[in-house]
Amino acid sequence: MTLEEAQKTVDTWIKTYGVRYFSELTNMAVLTEEVGELARIMARTYGDQSFKTGEKTDLGDEMADVLWVLLCLANQTGVDLTEAFRKNLEKKTNRDKDRHKNNPKL
């Protein structure tokens, strides 16, 4: 599935099952919440914390939740994520083409 297809799929789902999008500000708060849930799993899986009994451990599901809300926000604000990602990759390539190669810490 491409980013364009993902944006269209989310839009169709929202219009079919979700009634309407939450407001942009609400979705920003939801995105923050979902990133926190992803961070919790990362901290417990790769960091020093341990899981609590019954706590969610599905890293992929949490990443998909983050992506879902990001796709919602893109749809709501008229952002074409395919084009935005292409431009962002071009920016990073131009800016960082030698930066990481010349970093002695890497």
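Note that the structure is a prediction, hence the values are computed from the model and not measured. (Residues numbered from 1 in each chain as written. Predicted model: local features only at pLDDT ≥ 70, side-chain atom pairs only at ≥ 80, totals over all residues. Heavy atoms only, no water.)

## Focus on the overall build of the protein chain
Item 1. When helices and strands are counted, the protein chain shows 4 helices and 0 strands.
Item 2. Helices and strands appear in the protein chain in the N-to-C order α-α-α-α.
Item 3. The globule rule puts the C-alpha radius of gyration for 106 residues at 13 Å, and the 17 Å found for the protein chain is more than 25% above it.
Item 4. The dimensions of the protein chain, computed from C-alpha atoms along their principal axes, are 55 × 40 × 25 Å. (Helix = DSSP H or I, 4+ residues; strand = E, 2+ residues; numbered from the N terminus. Rg over C-alpha atoms; globule rule 2.2 N^0.38 Å.)

## A look at the nonpolar core
Item 1. Counting 8 residues, the largest nonpolar core is built from Ala6, Val10, Ile14, Tyr21, Leu71, Cys72, Ala74 and Leu81.
Item 2. Not counting residues up to four positions away in its chain, the partners in contact with isoleucine 14 are Val19, Arg20, Tyr21, Trp68 and Cys72.
Item 3. Listed in part, the 5 residues of the second largest apolar core include Leu38, Val66, Val69 and Leu73. (Core = buried A, V, L, I, M, F, W, Y, C linked by side-chain atoms within 4.5 Å. Buried < 20%, exposed > 50% of the residue type's maximum accessible area, 1.4 Å probe, protein only. Contact = heavy atoms within 4.5 Å.)

## Let's talk about the UniProt feature "domain: NTP pyrophosphohydrolase MazG-like" (unreviewed entry) in the protein chain
Item 1. As annotated by UniProt and renumbered to match this structure, "domain: NTP pyrophosphohydrolase MazG-like" (unreviewed entry) occupies residues 23-99.
Item 2. Secondary structure across residues 23-99 divides into 75% helix and 0% strand, with the first and last C-alpha atoms of the span separated by 39 Å. (UniProt positions renumbered as here; feature names shortened; annotations may be inferred.)

## Notes on the packing of aromatic side chains
Item 1. Considering all chains together, one arrives at 2 aromatic pairs under this definition.
Item 2. Ring centres 5.6 Å apart and planes at 45 degrees place the aromatic pair tryptophan 13 and tyrosine 17 in the tilted group. Linking tryptophan 13 with tyrosine 17, this pair stays in helix H1 (residues 3-17), spanning 4 residues, or about one helical turn.
Item 3. Exposure remark for tryptophan 13: the relative accessible area of 39% places this residue in the partly exposed category.
Item 4. Judged by centre distance (5.3 Å) and plane angle (85 degrees), the ring pair of tryptophan 13 and tryptophan 68 falls under edge-to-face. Of this pair, tryptophan 13 sits in helix H1 while tryptophan 68 sits in helix H3 (residues 59-77); the two residues are 55 residues apart in sequence, bridging distant segments of the chain.
Item 5. For tryptophan 68, a relative accessible area of 30% gives the class partly exposed. (Phe/Tyr/Trp six-rings, centres within 6.5 Å; stacked < 30°, edge-to-face > 60°.)

## Looking at a nonpolar patch on the surface
Item 1. Residues Leu3, Phe85 and Leu89 make up a contiguous nonpolar surface patch of roughly 280 Å² in combined accessible area.
Item 2. Relative to the assigned elements, leucine 3 resides in helix H1.
Item 3. The class for leucine 3 is partly exposed, based on a relative accessible area of 31%. (Patch = residues over 30% accessible without salt bridge, like charges linked within 9 Å, V, L, I, M, F, W, Y side chains within 5 Å. Areas by Shrake-Rupley, 256 points an atom, 1.4 Å probe, with all protein chains shown as cover. Salt bridge = Lys/Arg side-chain N within 4 Å of Asp/Glu carboxyl O.)

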